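Here is how the chains run, residue by residue.
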Amino acid sequence: MIDLKDVVYCRLGTADLEEAERFAVDILGLEVADRFKGEIQFKSDDREYTLSYFAGDPADQATAFHLASAAELEAAAATLEKLGHTVEHGSADACAIRKVRAFIAFNDPTGNRIELVVRPAHSGRRYHGSRDAGITGFSHVGLCSTDPARDEIFWTTVCNARVSDRIGDAPLMRLNTIHHTIALFPFHQAGIQHINHQVASTDDIQRSWNMLRERGVTITFGPGRHPTSSAQFLYFSGPNGLTFEYSTGVREIHDEPGWRDRQFPFEPVGFCHWGAKPNIAAFKD
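A brief report on the enclosed structure follows.

Conventions we followed
- Within each chain, residue numbers correspond to sequence positions counted from 1 in written order.
- The model is predicted, so local features are restricted to residues of pLDDT at least 70 and side-chain atom pairs to those at 80 or more, both for listing and for counting; the totals for chains, interfaces and linings are taken over all residues.
- Hydrogens are left out, water is left out, and the side-chain values use all remaining heavy atoms of the structure.
- Strands qualify as paired when DSSP identifies two bridges or more between them.
- Segments assigned H or I by DSSP are reported as helices when at least four residues long, segments assigned E as strands when at least two residues long, and all are numbered from the N terminus.
- Helix axes are fitted only over the stretch in contact, all axes being lines through C-alpha atoms; the angle between N-to-C directions runs from 0 to 180 degrees.
- The contact rule is simple, with two residues in contact once any of their heavy atoms fall within 4.5 Å.
- Per-residue accessibility, obtained with a 1.4 Å probe over protein chains only, is compared with the maximum for each type, and a residue is labelled buried under 20%, exposed over 50%, and partly exposed between these values.

1. Side note on the sheet that holds strand S16 (residues 243–248)
- The nine strands are arranged S14-S15-S16-S13-S9-S12-S11-S10-S17 in an open sheet whose pairing can be described as mixed. In this open sheet, the two edge strands, each paired with only one partner strand, are strand S14 (219–225) and strand S17 (262–264). Across this sheet, the average inter-strand angle for adjacent strands is 20 degrees, counted without regard to direction.
- Taken together, the three bridges between strand S10 (residues 162–167) and S17 define a ladder with parallel strand orientation. Residue pairing for S17: Arg166 is matched across the bridge by Gln263.
- The strands that helix H4 (residues 148–158) touches are strand S9 (135–145), S10, strand S11 (170–174) and strand S12 (182–186); relative to S12, the one it contacts most, it runs at about 160 degrees.
- Contacting strand S13 (192–199), S14, strand S15 (232–237) and S16, helix H5 (residues 202–214) crosses the sheet at an angle of about 25 degrees to S15.

Structure, rendered in structure tokens:
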């Protein structure tokens, strides 16, 4: 089994790198960590970076997960190749750009680009955002799935993810004590469905709600509270129509042997305790 430790970063192609930087800094509240030719990396916690925008096709996206050692990385590559996945080993230059010691890349069964990395860099300095969004760190990613039942089997048998809860057929899966690090939502094509950053408090959710409305950013869901993870949330649109989320108060699961996943309806009441209704394609029947 491939033992994923945590989600590390997302890489996003964009046709307008200047606009992507404006959004990441002025709206999302991240800090520029580094710049390369045609790429900007952004910091949200004590890691070197957690989000990268690069000049390219907006459909070119990748999500990275951390493995403990080079030996585990090679074992993962062998496992994936045995299952029929095409595995690419990252070059020295690609590793340097990603700030990891080594990585492999492959597509999950839906076609989402996944990178498995060893020794992702930490910066040794605190994140300091361009505005007081209250961000405490990059926390989870939602992935589109053309077959959630099939993809759940991949993430929970080939990899070590465990289902915490389901909304309809959409599994919310944990890698550690946090309620979910990966969520799979039914959709007709591959892609990153949403990117989550945790914030410190309800006050941060409310402040951002007001700021986003004032700046004309499209709010797609919330404020609300998830009945699954108990987190209070706010979803909004970013460059190329990608959804971003702030949330706070996410449930932690410490009784690993005793936890039983729960079933929630794939309708607004399954997504929000407070009655908010999502305007997000992957959250609708």
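Having seen the model, we can carry on.
2. Some points on the pairing of strand S5 (residues 61–67)
- The buried count for S5 comes to six of seven residues, which makes it a mostly enclosed element.
- One ladder, built from five bridges, connects S5 with strand S8 (residues 113–118); its direction is parallel. Bridging across to S8, Leu67 finds its partner in Val118.

3. Notes on unusual backbone geometry
- Residues Gly222 and Pro223 are joined by a peptide bond in cis, for which omega reads 5 degrees.
- Inspection of the secondary structure assignment puts Pro223 in strand S14.
- Phi at Arg119 takes a positive value of approximately 55 degrees, unusual for a residue other than glycine.
- By secondary structure assignment, the location of Arg119 is in the loop between S8 and S9.

4. Let's talk about the pairing of S13
- Where burial is concerned, most of S13 is hidden: eight out of the eight residues are buried.
- Pairing geometry for S9 and S13, over seven bridges, is antiparallel. Across the sheet, residue Leu143 finds its bridge partner in S13, namely Ile192.

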